Amino acid sequence: MRIIIGLGNTGDEYDLTRHNLGFMALDYYFKVHNLSWQTNLKFHSIWAKHDDLVFLKPQTFYNDVGLAAKTCATFYKISPNNILAICDDFNLEFGQLRFREKGSSGGNNGLKSLERHLHTTDFPRLRIGTNNLELRTKIDDTNFVLGRFTPEEREQLPQILLNTTSRLDQFLSESV
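For the structure given in this document, a descriptive report is provided here.

Parameters at a glance
- Residues numbered from 1 in each chain as written.
- Predicted model: local features only at pLDDT ≥ 70, side-chain atom pairs only at ≥ 80, totals over all residues.
- Heavy atoms only, no water.
- Helix = DSSP H or I, 4+ residues; strand = E, 2+ residues; numbered from the N terminus.
- Expected span 1.5 Å × (residues − 1).
- Buried < 20%, exposed > 50% of the residue type's maximum accessible area, 1.4 Å probe, protein only.
- Arc of directions from axis to C-beta.
- Contact = heavy atoms within 4.5 Å.
- Phe/Tyr/Trp six-rings, centres within 6.5 Å; stacked < 30°, edge-to-face > 60°.
- Lys NZ or Arg CZ within 6 Å of the ring centre and 35° of its normal.

1. A word on helix α2 (residues 65-76)
An ideal rise of 1.5 Å per residue puts 16 Å on 12 residues; α2 measures up with 17 Å between its terminal C-alpha atoms. Buried within α2 we find V65, G66, A68, A69, C72 and A73. Burial along α2 is one-sided: seen end-on, the buried residues are contained in an arc of 155°. If you follow the buried residues of α2, they end up packed against β1 (2-6), β2 (45-50), β3 (53-58), β4 (83-93) and α3 (109-118). In the segment just after α2, K77 is the residue with positive phi, at about 60°.

2. Things to note about the packing of aromatic side chains
Taken as a whole and judged by the stated rule, the model has 11 aromatic pairs. Taking 5.9 Å as the distance between ring centres and 80° as the angle between the ring planes, the aromatic pair formed by F43 and W47 counts as edge-to-face. With respect to class, F43 is no different from W47; both count as buried. Of the aromatic side chains, those joined through ring pairs into one cluster are Y29, F30, W37 and F55. Seen from the ring of F144, R18 lies directly overhead, with NZ or CZ sitting 4.2 Å from the centre. Of note, K57 hangs over the ring of W37, and the distance from its end group to the ring centre comes to 4.8 Å.

Here's what the structure looks like:
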């Protein structure tokens, strides 16, 4: 059994923000695969269980997503190396995907939370690049990650989310 956790913030004010790209990726994956979310909260998350996969969209805010992962992992007795985190990364070129089996948080507070709650850095992560150097030079990092995508970026999102879905499918087929 595995957990796929999309990182994001709860609340309408965070829709279409860079920090919610993990939520958006899972929602797109569910649309492509005709899956549905549970309406009741469990594991501090909007969640779904399909076959041997548990999907989580934590409702704890980005900086404490590790609580959801830890609660779910404890319940199902899932080891950290079977928890895939999907998150944004402003150090990667916009739309670039980077998969790692383990590693550092790279300054990402959601990954730091997972490390803190899981007591390890040995969990896979799929990072989705959000860098926009021109915009980042004008605003601080907090406002950048909590900011909405530009119109030009929004036009590219469907392809980025499709690429993310393909990469997630590849990960799931490789790790059977």
